[in-house]
Amino acid sequence: MISSESLSNSPETQNSVQKKITLLGSTGSIGLNTLDIIRQFPQKFRIEALSCRNSIESLSEQIKEFKPRLVCVDTAKQASELRESFRNGNSGPETEFVWSTEGLKQISSDPEVDLVVAGIVGAAGLEPTFAAVEAGKIVAVANKEPLVMAGELFIQTAKKTGAKLLPTDSEHNAIFQALHDEPPERIARLILTASGGPFRDLPLDEFEKITLAEALNHPNWEMGRKITIDSATMMNKGLEIIEAHWLFNTPVDKIDVLMQRESIIHSMVEFIDGSFLAQMGLPDMRVPIAYCLGWPERLPLKIPRLDPVSLNALHFEAIDEQRFPCLPLSLKAAKQGGGAPAVLNGANEKVVAAFLNEEIRFVDIAKILASVMQDLDETLQQTAQDSLADIPDFLLKIKTLEDALQADQWGREQAGKVLKHVH
Ligand SMILES: NC(=O)c1ccc[n+]([C@@H]2O[C@H](COP(=O)([O-])OP(=O)(O)OC[C@H]3O[C@@H](n4cnc5c(N)ncnc54)[C@H](OP(=O)(O)O)[C@@H]3O)[C@@H](O)[C@H]2O)c1
């Protein structure tokens, strides 16, 4: 949670000392945008650590350019090959190569690091992002899935360790900027905006025929494949509701979603006195990322600027839930709490991966997720009727990271069972 105390209690070193950064997921969309900003401000930032899973070629180029002290990859074999290639006169820096989740946790909690950019996609970011929070780092949170899975644990741990969770998702960053020092009791409503994705106007009877290429063709944003599909189904907005609930200490029923076709208004806060504050700009992830890297300063970014005169109109529309059934599903999970968000998130990752592999149709995504959430309801009801003690703890409450991982796994397994029948 970003409290007024945490905002005013800013690090005093910001102006004078280079911030040392671990960039988790440096080869992805968030990673590349982050490096673009760091290139613009070499005096202000130094890359201490980079990570990826498969994109070794792109990572090698980054190592040559940014000369990190630490690099994390997926396997011991990748680490040893990279070590070898940089040893063989590749004009490489003195870099330590680590691997796996343990390696990611190491680079997230390294004592030299000031700020961790959480740019891994999905539940894979849970443990490394949590390690950064446990180590009391400033954490730029783009990777929303860990907060969806274990939001309460993140917020409580950050309170204990003094870690700062800086909202980097464009919508949450907009709210962060608009809220500034205002306490949660002055919030009447948080309004997350959504572009509506590629299918906002597609006739409903054409949804059955949607192709992967069409789903990956977002009208306003260029992002990784998983979040692009989540944007097309609007699951992304559902995950964002849960993320906003934790980041801004705001009840789910005070968080609304509106379609904003142009993606110029990145989100809004309605205060109890009827004032609305919105943040606007071109859809460019470098703005929210730079806000978090520079925080509490603003950086003089060199990027294309919005010309308000060029805006003919800004459109706001209610969301059609029939068109986007993943949104009500995620809203239900958000209200239910306990293990439901982690179950939904795990199931969604499994199902989206199947869609990306062209194993299922676009319309199957929501159907399978609805079936998994139905399974969850029945499990909770049946077990409750038999004996409370039989309900797996992780479905009732996420108290530990292990609970979050188990709930995630439960969701994936249930989705896997339904997937078998769809194939
Ligand atoms: N992209 C955006 O504009 C945007 C906006 C708001 C929020 N976000 C959030 O930010 C996160 C990252 O999104 P993205 O679009 O940047 O994703 P992306 O382009 O797919 O990049 C993901 C990054 O994470 C690495 N990675 C993937 N799976 C991993 C695993 N199992 N273990 C370790 N590393 C792994 C990837 O490495 P490889 O390249 O080797 O696969 C890559 O560096 C997501 O949670 C998304 O919801 C993104």
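The text that follows walks through the structure, step by step, so that each part is easy to find.

Here is what the cut-offs are and how they apply
Residues numbered from 1 in each chain as written. Predicted model: local features only at pLDDT ≥ 70, side-chain atom pairs only at ≥ 80, totals over all residues. Helix = DSSP H or I, 4+ residues; strand = E, 2+ residues; numbered from the N terminus. Core = buried A, V, L, I, M, F, W, Y, C linked by C-beta atoms within 7 Å. Buried ≥ 20, exposed ≤ 12 C-beta atoms within 10 Å, placed from the backbone. Domains from an automatic or database assignment. Contact = placed C-beta atoms within 7 Å. Pairing = 2+ DSSP bridges. Axes fitted to C-alpha atoms, helices over the stretch in contact; angles between N-to-C directions. Parallel < 35°, antiparallel > 145°, perpendicular 65-115°, else oblique. Left-handed = near helix turned anticlockwise from the far one by under 90°. Nonpolar A, V, L, I, M, F, W, Y, C, P; charged D, E, K, R; others polar. Near = placed C-beta within 6 Å.

1. Some points on unusual backbone geometry
A cis amide bond links Trp295 with the next residue in sequence, Pro296, at an omega value of 10 degrees. Of note in the backbone geometry, Asn249 takes a positive phi value of approximately 50 degrees without being a glycine. The residue Asn249 is located in the loop between helix H11 (235-247) and strand S9 (255-260) in this model. Although it is not a glycine, Ser263 sits at a positive phi angle of roughly 50 degrees.

2. Description of the nonpolar core
In this structure, Val139, Ala140 and Leu369 are the most contacted members of the largest nonpolar core, which totals 118 residues. Top element by residues in this core is helix H14 (residues 340-356). It accounts for eight residues. In terms of domain composition, this core takes at least three residues from each of domain 1 (4-174) and domain 2 (337-423). The residues touching Leu369, leaving out its near neighbours within four places in the chain, are Cys326, Leu329, Leu344, Ala347, Asn348 and Val351.

3. Structural notes on the sheet that holds strand S4 (residues 96-99)
Spatial ordering of the open sheet is given by S4-S3-S2-S1-S5-S6-S7, a layout of seven strands whose pairing is parallel. The sheet terminates laterally at S4 and strand S7 (164-167), the two strands that pair on one side only. The mean inter-strand angle of the sheet, taken between neighbouring strand axes irrespective of direction, is 25 degrees. The sheet contacts of helix H4 (residues 76-87) involve strand S3 (70-73) and S4, and relative to S4 the element is tilted by about 165 degrees. The strands touched by helix H12 (residues 286-294) are strand S2 (45-51), strand S5 (115-118), strand S6 (138-141) and S7; relative to S6, the strand with the most contacts, the crossing angle is about 175 degrees.

4. Here's the deal with the sheet that holds strand S8 (residues 187-194)
Two modes of strand pairing occur in sheets, parallel and antiparallel, and in both the strands are linked by backbone hydrogen bonds. In space, the five strands of this open sheet follow the order S11-S10-S8-S9-S12, with mixed pairing throughout. Edge strands, defined here as strands with exactly one partner in the open sheet, are strand S11 (276-280) and strand S12 (316-317). Pairing of S8 with S9 involves five bridges; the strand directions are parallel. Looking at S9, one finds that Leu190 is bridged to Ile255. Packing against the sheet, helix H8 (residues 170-179) makes contact with S8, strand S10 (265-271) and S11, and its axis sits at approximately 40 degrees to S10.

5. Some remarks on the packing of helix H2 (residues 29-40) against H12
Closest axis-to-axis distance for the H2/H12 pair is 9 Å, and the angle between their directions is 60 degrees. Here H2 is positioned oblique relative to H12, judged by the angle of their axes. For the crossing formed where H2 meets H12, the hand is right-handed. Residues Ile30, Asn33, Thr34, Asp36 and Ile37 of H2 form the contact with H12, whose own contacting residues are Arg286, Ile289, Ala290 and Leu293. Considering only residue class, the contact of H2 with H12 consists of five nonpolar, two polar and two charged.

6. Points about the site of the ligand
Within the structure, the ligand sits among 26 residues, and Gly25, Gly28, Ala124, Met223 and Gly224 are positioned closest to it. Here the shell around the ligand takes three residues from H2, the largest share from any one element. Residues of the shell around the ligand, tallied by class, amount to ten nonpolar, eleven polar and five charged.

7. Focus: the packing of helix H13 (residues 326-336) against H14
At a closest axis distance of 7 Å, the pairing of H13 and H14 adopts a crossing angle of 145 degrees. Of H14, the residues touching H13 (which contributes Leu329, Ser330, Ala333, Ala334 and Gln336) are Ala340, Pro341 and Leu344. The residue inventory of the contact of H13 with H14, partitioned by class, reads six nonpolar, two polar and no charged.

8. What to know about the environment of Asn33
By the element assignment, Asn33 lies in helix H2. A residue is classified by how many C-beta atoms lie within 10 Å of it, and Asn33, with 23 of them, is buried. With 252 residues separating them along the chain, Asn33 and Met285 place their C-alpha atoms 6.9 Å apart. If sequence neighbours within four positions are ignored, Asn33 has contacts with Met285, Arg286 and Ile289.

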